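For reference, the chains in residue letters:
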Amino acid sequence: MHKWNAAKMVVTLVLFAAIATLASKSLSTEAAGEPYDVVILNGRVMDPESGLDAVRNVGIRAGKIAVISTNTLSATSTIDAKGLIVAPGFIDLHEHGQEPRNYEYQARDGVTTSLELEAGTDDVDRWYALREGKSLINFGVSIGHIPVRMKVMGDTQGGMLPTGDAAHRAASPEEFAKITAAVDKGFRQGALAEGMGVNYTPGATHWEIVEMFRIAAKYGGSVHVHLRYGGLKEPNTGLAALEEVLAAAAATGAPLHVVHITSMGLKFTPQLIAMIKGAQEHGLDVTTECYPYTAGSTALQSAIFDPGWQENMGITYRDVQWTATGERLTAETFDKYRKQGGIVVIHSIPEEAARTAVADPIVMIASDGMPITGAKVHPRGQATFSRVLGHYVREEKALDLMTALRKMTLMPAQRLEKRAPIFKNKGRIREGTDADITIFDPARVIDKATFEEPLQYSDGIPFVLVNGVLVVKDSQLVSGVRPGRAARAPLAN
């Protein structure tokens, strides 16, 4: 019996010694930094999910955050982030500019994942294939009711928005069946969500909209909606338009996301936000977003500028700016350019409405950035996130820094993660998550893009990593890297 106990003791001591050796080796390896591809040293790590706000060192391995520690870490590549904020990379839910040049401006603004969820596409497989292995930042798309409707109903303009039957006519039963089938197919191909711009398709009946929500509900996808109306004149106000989609969401169970609430609500923006809060409190899955500007932007030839637009939006010709030249329109140039077709900037949002939405904790930040079609495009696609951090957080003190970060990282990820589990590993600074990281100087970060000179990079964001790869280093774009990956929902049969 004593011999047996002695033998057990020897085995136990050997096991303890082995464990201690492994632990010692692990600690020394961590101290030496050998496992890490990149280490971010001495940065103020801010994670909206856990509430962490402290100086930490972050080790990155194989595109993931491997460790967050107070221990000294080392690696082949190190970033000294002393005095800087280390935050989750910004997730832009609403960005129409999905080309390499747009991605460069977005990266310099701290965006690591750029998503086209309002307009979307009519061919999800093709959209992703065009960007796979070629993108500076992560990318993703919705199946779009607008482009599907244009394809089915024979819009020949070839632009992003409809102008003919696809805009103004109700779909026939045959067309409706094809629209329904195409949207369903898009979800099965891994679309992140469903995009819908009812303001651009006034001919779409209320029942068509409900049925589009029903398809989204089937796949657990959120519907990202540009409301049917955006204006001040009863009964066609943003409030009435919000009622339509709240009802569709309640009737079908589809999650609802209302895009750019300020350009829909204008001076009624606080009331629209209050309606969304009320819907949330009563159990409806509804969210919203805004951009931090007092102007919108869209195509002049679209249905938004059908007769009555001035009264609806409370503006005149001089409040509309042609992006090709920056000129303000007159009655004559309005007619000329509307026939020609092109993008305009619409100065219609009250400053108080913009400030209210940016500051409200339930309203996410999303740029609604536009393709670069002219020298005077809207600055929002180049500078939305730095404007929030610099102007509204630091200068205006409209909201605190952690709230701002939550609205541009964690909340967008949570909006999509049920449909697309890939987002459970985005929008956070946590061990095991994707190493999409934005490092900025809270004392210097600011937007440089203006309405007069919109094609300017943001300042005060010296480092941006996408999947562990630096795409911005020392405030300069890194050439020759394309680490962006598809942000996509699982495929279905």
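What counts, and at which threshold
Residues numbered from 1 in each chain as written. Predicted model: local features only at pLDDT ≥ 70, side-chain atom pairs only at ≥ 80, totals over all residues. Heavy atoms only, no water. Helix = DSSP H or I, 4+ residues; strand = E, 2+ residues; numbered from the N terminus. Rg over C-alpha atoms; globule rule 2.2 N^0.38 Å. Buried < 20%, exposed > 50% of the residue type's maximum accessible area, 1.4 Å probe, protein only. Contact = heavy atoms within 4.5 Å. Areas by Shrake-Rupley, 256 points an atom, 1.4 Å probe, with all protein chains shown as cover. Lys, Arg positive; Asp, Glu negative; His and termini not counted. Charge placed at Lys NZ, Arg CZ, Asp CG, Glu CD. Polar contact = N/O pair within 3.5 Å; in protein donor to acceptor, adjacent residues only side chain to side chain. Expected span 1.5 Å × (residues − 1). Arc of directions from axis to C-beta. Pairing = 2+ DSSP bridges. Axes fitted to C-alpha atoms, helices over the stretch in contact; angles between N-to-C directions. Salt bridge = Lys/Arg side-chain N within 4 Å of Asp/Glu carboxyl O. Right-handed = clockwise from strand over helix to strand, strands pointing away.

Let's talk about the overall build of the chain
And then number 1: Looking only at helices and strands, one finds 16 helices and 20 strands in the chain.
And then number 2: Here the C-alpha radius of gyration of the chain, 25 Å, is about what a compact globule of 493 residues would show, namely 23 Å.
And then number 3: Here the C-alpha coordinates of the chain stretch approximately 100 × 50 × 40 Å along the principal axes.
And then number 4: Going through the 493 residues of the chain one by one, you find that 57% of them count as buried.
And then number 5: Sequence separation of at least 24 residues holds for 72% of the intrachain contacts in the chain that already meet a minimum separation of 6.
And then number 6: Total accessible area computed for the chain in this model is approximately 19,500 Å², and 54% of it derives from carbon and sulfur atoms.
And then number 7: A distance of 5 Å separates the average location of the 51 positive side-chain charges in the chain from that of its 55 negative side-chain charges.

Some points on the side chain of His378
And then number 1: Mapped onto the elements of the fold, His378 is located in the loop between strand E16 (363-365) and helix H14 (380-395).
And then number 2: Judged by its relative accessible area of 1%, His378 falls in the buried class.
And then number 3: Within polar-contact distance, the side chain of His378 engages the backbone oxygen of Ala295 at 2.7 Å.
And then number 4: Reaching out from His378, the side chain makes a polar contact with the backbone nitrogen of Arg380 at a distance of 3.0 Å.
And then number 5: Sequence-distant contacts of His378, defined by excluding residues within four places in its chain, comprise Tyr293, Ala295, Gly296, Ser297, Val345, Phe451 and Pro454.

Considerations on unusual backbone geometry
And then number 1: That bond from Glu234 to Pro235 is cis: its omega, 5°, falls within 30 degrees of zero.
And then number 2: On the secondary structure map, Pro235 appears in the loop between strand E10 (223-226) and helix H8 (238-252).
And then number 3: Although it is not a glycine, Ala62 adopts a positive phi angle of roughly 55°.
And then number 4: For Ala62, the location among the structural elements is in the loop between strand E2 (53-61) and strand E3 (64-69).
And then number 5: With a phi close to 55°, Lys397 is a non-glycine residue in the positive phi region.
And then number 6: Relative to the assigned elements, Lys397 resides in the loop between H14 and helix H15 (401-408).
And then number 7: Its relative accessible area of 65% is what places Lys397 among the exposed residues.

Looking at helix H10 (residues 269-281)
And then number 1: With 13 residues, H10 extends 18 Å from end C-alpha to end C-alpha; this agrees with the ideal 18 Å at 1.5 Å per step.
And then number 2: Taken together, the buried positions of H10 are Thr269, Leu272, Ile273, Ile276 and Ala279. All buried residues of H10 fall inside an arc of 120° around its axis, so they share one side.
And then number 3: Those residues of H10 that are buried lie in contact with H8, strand E11 (256-258), helix H9 (261-265), strand E12 (286-290), helix H13 (351-359) and E16.
And then number 4: Gly283 lies just past H10 and shows a positive phi near 95°.

Some details on the sheet that holds strand E14 (residues 320-322)
And then number 1: Overall, antiparallel pairing links the three strands, which are arranged E13-E15-E14 in an open sheet. The open sheet has two edge strands, strand E13 (296-299) and E14, and neither has a second partner. Direction aside, the axes of adjacent strands within the sheet are offset by 30° on average.
And then number 2: In terms of strand pairing, E13 meets strand E15 (residues 343-346) through four bridges, oriented antiparallel.

Details of H13
And then number 1: Considered for burial, the residues of H13 that qualify are Ala353, Ala354, Ala357 and Val358. Buried residues along H13 cover an arc of 125° about the axis, so they all sit on one side.
And then number 2: Where H13 is buried, its residues contact H9, H10, E12, E16, H14 and H15.

Brief notes about the pattern of salt bridges
And then number 1: This model, assessed by the stated rule, comprises 26 salt bridges.
And then number 2: Where Asp53 meets Arg44, a salt bridge forms, and the shortest distance between an N and an O atom there is 2.7 Å.
And then number 3: Note on Asp53: relative accessible area 37%, which makes it partly exposed.
And then number 4: Taking the relative accessible area as the measure of exposure, Arg44 reaches 34% and is therefore partly exposed.
And then number 5: One salt bridge connects Arg228 with Glu244, and the closest N-O pair in it is separated by 2.9 Å. Within this pair, whereas Arg228 is found in the loop between E10 and H8, its partner Glu244 is found in helix H8, the two being separated by 16 residues in sequence. Glu244 carries the same exposure label as Arg228, and that label is buried.
And then number 6: The network of salt bridges with common partners includes Glu49, Glu417, Arg428 and Arg430.

A short note on the pairing of strand E7 (residues 111-121)
And then number 1: Counting buried residues along E7, 11 of its 11 residues qualify, which places the element largely inside the surrounding structure.
And then number 2: As judged from the three bridges shared by strand E6 (residues 90-92) and E7, these two strands associate in the parallel manner. Within the sheet, the bridge partner assigned to Phe90 lies in E7 and is Val111.
And then number 3: Two strands pair when backbone bridges link them, and E7 and strand E8 (residues 138-144) are joined in this way by five bridges, in the parallel orientation. Bridge pairing in E8 links Thr113 to Asn138.
And then number 4: For the crossover from E7 across helix H3 (residues 124-131) to E8, the handedness is right-handed.

Geometric descriptors of this kind do not, in isolation, establish any biological role.
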